[in-house]
Amino acid sequence: MCWPTAWTGSVASSPDTVLSEANAVPDGASLYRELVMTRARRPERAGALDDADGEGSGTNPLCGDTVQVWLRRGPDGLVQDARHRTRGCAICAAAADLVADAVVGKDAGAFALLERRFGTMLQDGPEALSMGDRGAIGFLLALGDLHEYPSRRKCALLPFSAVRQALVHRPGEPDGGAG
Amino acid sequence: MSDAAVLRRGNPIGDITALRADFPILEERVHGKPLVFLDSAASAQKPVQVIDAMAGAMRAQYANVHRGLHWMSERTTEAYEGVRDKVRVLINAPSREEVVFTRNSTEAINLVAHSFGSLLKPGQAVLISEMEHHANIVPWQMLRDRAGIELRVAPVTEAGELDLEAFAALLADGRVGLVAITHMSNVLGTVTPAARIVALAHEAGARVLLDGSQAVVHRPVDVQALGADFYVFTGHKLYGPTGIGVLWARRELLDAMPPFMGGGDMIGTVSFERSTWAELPHKFEAGTPAIIEAIGLGAAIDYVQSIGLDRMQAHEAELTEHALRRLDGIDGLRVVGRAAERGGVISFTMENAHAHDVATLLDRGGIAVRAGNHCAEPLMRRLGLSSTARASFGVYNTVEEVDVLADSLDRVRGFFA
């Protein structure tokens, strides 16, 4: 997809161009970069896993967004497959898909390390990460602009808490929810 | 001539540019853009008259109230108690002794739930509606669990109005002791038929609490004409400070109700064996009150009275009508709530876009709206929604700002289409 021109400086024809132009949103799309929008619209890891051995969920009580996550691990304890069902904003939906990607090949310890790096990025910005850490974060770097949107950070953190729960909860086990 | 130009020419509050100059914050820029503040239903901005009154009190006329024999305490007490008279006039209460200062509407409702609630008997019921703010739900749930009363919920129609027939049916068995209902929905903008609600409730032997947090900001309120038994509102939505709210209640109710909190200022005499309570309204005002905030509320009441709440209502009605017309013209945008009688609060959803994403993009254009469940989760569930975006208007908003919102929403729609 392409950036709509309205968000990159050129103002669409409007009867009230003076104020409207003053309030146009030239940088508004920086958070909603192409990878984020693509994953939010067409998630690659949407759905449940029939043979999951880990299940987690989270709800954000302020907005009602929910993320459910299913994991399957191999004999070595590393996640082989991950799926999610997400009802939420574009940031939450994209983060859930990218986090489901990222947890594949990891165990709980490696995922905790990823979550710490992601937390550092949200708190201090992507530039606060070393080159190595940036590489380790991978496509989740697409959410780096959340550093500038403090009220939206929780949207991206919700899938992390759901996955964290899935790494310790088997399907059908009672849990308290991660929200 | 455009609609906007027509509206500008006949603005009911006169010179809006001069009025906006009373609100220093409107000069601020957000993300480098002029601030378009459309979130007054959450909390309104403050005019310089309020800011100066509060700062002036702290600079030149401040001491504790009700207890000092010195000049400063006497003057501060006069200023603080003078605000009670201003509140009495604002809502046309019969007497100043019936005006109780609280921290906000939430505390006022909790006061009633605690004190009036203690007079209710197991088997009696409290009746609320589906469109209540959490502040008018949770205190009644806590009372239910504490006192064994029943909590009943009157439904709203698809248009977002109170279903009066169902409401009347819920009163029919005569067991409802109190109806607690909003005077204006903070989500749908619906203004409820308060006088009719009161008449139906009184016929069934129930008392009525009206949550006026939104209504008192947007229209003249007369508690005697409404026939209400309790009326609550908060200062910060009325262009005053946070930390000060009001409970008005009929004297005979306040007399019958036990105190809410104990402490200084609310007592007659204290011994280790027993204490007696102060006269109204002080019986319900334990501890040093929010003196500076009350003085700010007084200045805010002076301010809205100087404009005229009827003129503010007319101004906001024009903004709302214009906004509904513009928003209805945007594909994929749905206004939630279509009450015939409404105030300047408009919730909406956008196809393929989450309310938080809409709000974030608007914010980058300097436009402040609220997004979420607006502290009304049960109403959202009733409407089949998890969240909406909400634009709400204050006295300082303009038709041009409504157009900025609509133009920006049109672009946001293009982005998420």
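Just so it is clear, the structure is predicted and the values come from calculations on it, not from any experiment. (Residues numbered from 1 in each chain as written. Chains lettered and ligands numbered in written order. Predicted model: local features only at pLDDT ≥ 70, side-chain atom pairs only at ≥ 80, totals over all residues.)

## Details of the overall build of chain B
A tally of regular secondary structure across chain B gives 16 helices and 17 strands. Relative to its length of 417 residues, chain B is compact, with a C-alpha radius of gyration of 22 Å against a globular reference of 22 Å. Once the C-alpha set of chain B is aligned to its principal axes, its extents read approximately 70 × 55 × 35 Å. For chain B, the proportion of contacts with a sequence separation of at least 24, taken over those separated by at least 6, is 71%. (Helix = DSSP H or I, 4+ residues; strand = E, 2+ residues; numbered from the N terminus. Rg over C-alpha atoms; globule rule 2.2 N^0.38 Å. Contact = placed C-beta atoms within 7 Å.)

## A closer look at the overall build of chain A
Looking only at helices and strands, chain A features six helices and three strands. Secondary structure elements of chain A occur, N-terminal to C-terminal, as α-α-β-β-β-α-α-α-α. Contacts in chain A between residues at least 24 apart in sequence constitute 58% of all its contacts with a sequence separation of at least 6.

## Quick notes on the domain arrangement of chain B
Residues and elements named next belong to chain B. Each domain of chain B was delimited in the assignment, giving domain 1 (3-30 + 309-416) and domain 2 (51-306). Placing a centre on the C-alpha atoms of domain 1 and another on those of domain 2 gives a separation of 28 Å. Facing 23 residues of domain 1, the contacting portion of domain 2 comprises 22 residues. For the side of domain 1 that touches domain 2, the elements supplying multiple residues, two or more each, are α13 (309-328), β14 (345-350) and α15 (377-383). The biggest single contributor to the side of domain 1 that touches domain 2 is α13, with five residues. (Domains from an automatic or database assignment.)

## Focus on the pairing of strand β10 (residues 245-249) of chain B
Residue and element names in this part refer to chain B. A large share of β10 lies buried, amounting to five of its five residues. Every second residue of β10 is oriented toward a common face, with Gly245, Leu247 and Ala249 on one face and Val246 and Trp248 on the other, all of them buried. Bridge analysis of strand β4 (residues 99-102) against β10 gives four bridges, and the strand direction is antiparallel. Residue Phe101 lies in a different strand from β10, and its bridge partner there is Val246. (Buried ≥ 20, exposed ≤ 12 C-beta atoms within 10 Å, placed from the backbone. Pairing = 2+ DSSP bridges.)

## Topic: the sheet that holds strand β3 (residues 79-87) of chain A
Residues and elements named next belong to chain A. A sheet is described by the order of its strands in space; here three strands give the open sequence β1-β2-β3, paired in antiparallel fashion. The two strands at the open ends of the sheet, each matched to only one other strand, are β1 (54-59) and β3. The sheet shows a mean angle of 15° between the axes of neighbouring strands, taken without regard to direction. With six bridges connecting them, β1 and strand β2 (residues 66-73) associate as antiparallel partners. Within β2, the residue paired with Gly58 across the bridge is Val67. Running at roughly 170° to β3, helix α3 (residues 90-103) makes contact with β2 and β3 of the sheet. Relative to β1, helix α6 (residues 153-166) is tilted by about 150°, and along the sheet it contacts β1, β2 and β3. (Axes fitted to C-alpha atoms, helices over the stretch in contact; angles between N-to-C directions.)

## Section: the sheet that holds β14 of chain B
Residues and elements named next belong to chain B. Strand order in this open sheet of four strands is β13-β14-β17-β16, and the pairing throughout is antiparallel. Edge positions in the open sheet fall to β13 (333-336) and β16 (370-372), since each of these has one partner strand only. Looking at each pair of strands side by side, their axes are set apart by 30° on average, direction ignored. With three bridges connecting them, β16 and strand β17 (residues 388-392) associate as antiparallel partners. Residue Gly372 lies in a different strand from β17, and its bridge partner there is Thr388. In the packing of helix α14 (residues 355-364) onto the sheet, contacts are made with β14, β16 and β17, and the angle to β16 comes to roughly 160°.

## Considering the UniProt feature "domain: Aminotransferase class V" (unreviewed entry) in chain B
The UniProt record marks residues 36-405 of chain B with the feature "domain: Aminotransferase class V" (unreviewed entry), using the residue numbering of this structure. The span residues 36-405 of chain B is 40% helical and 18% strand by assignment, and the distance between its end C-alpha atoms comes to 8 Å. (UniProt positions renumbered as here; feature names shortened; annotations may be inferred.)

## Structural notes on helix α5 (residues 105-115) of chain B
A large share of α5 of chain B lies buried, amounting to 10 of its 11 residues. Where α5 of chain B is buried, its residues touch β4, α6 (138-147), β8 (207-211), β9 (230-234) and β10 of chain B.

## Topic: α13 of chain B
Between the first and last C-alpha of α13 of chain B there are 28 Å, a value that for 20 residues agrees with the 28 Å anticipated at 1.5 Å per step. Those residues of α13 of chain B lying buried are Met312, His315, Glu316, Glu318, Leu319, Thr320, Ala323, Arg326 and Leu327 of chain B. (Expected span 1.5 Å × (residues − 1).)

## Quick look at the pairing of β8 of chain B
All names here are of chain B. When you tally the buried positions in β8, you get five out of five residues, the bulk of the element. Residue alternation in β8 divides its side chains into two sets, Arg207, Leu209 and Asp211 and Val208 and Leu210, and both sets are buried. As paired elements, strand β7 (residues 176-182) and β8 share five bridges and run parallel to each other. The residue of β8 that forms the bridge with Leu178 is Arg207. Taking the sense of rotation as the criterion, the β-α-β connection linking β7, helix α8 (residues 194-203) and β8 turns out right-handed. Strand direction decides the pairing type here: β8 and β9, joined by three bridges, are parallel. Its bridge partner lying in β9, Leu210 is registered against Tyr231. (Right-handed = clockwise from strand over helix to strand, strands pointing away.)

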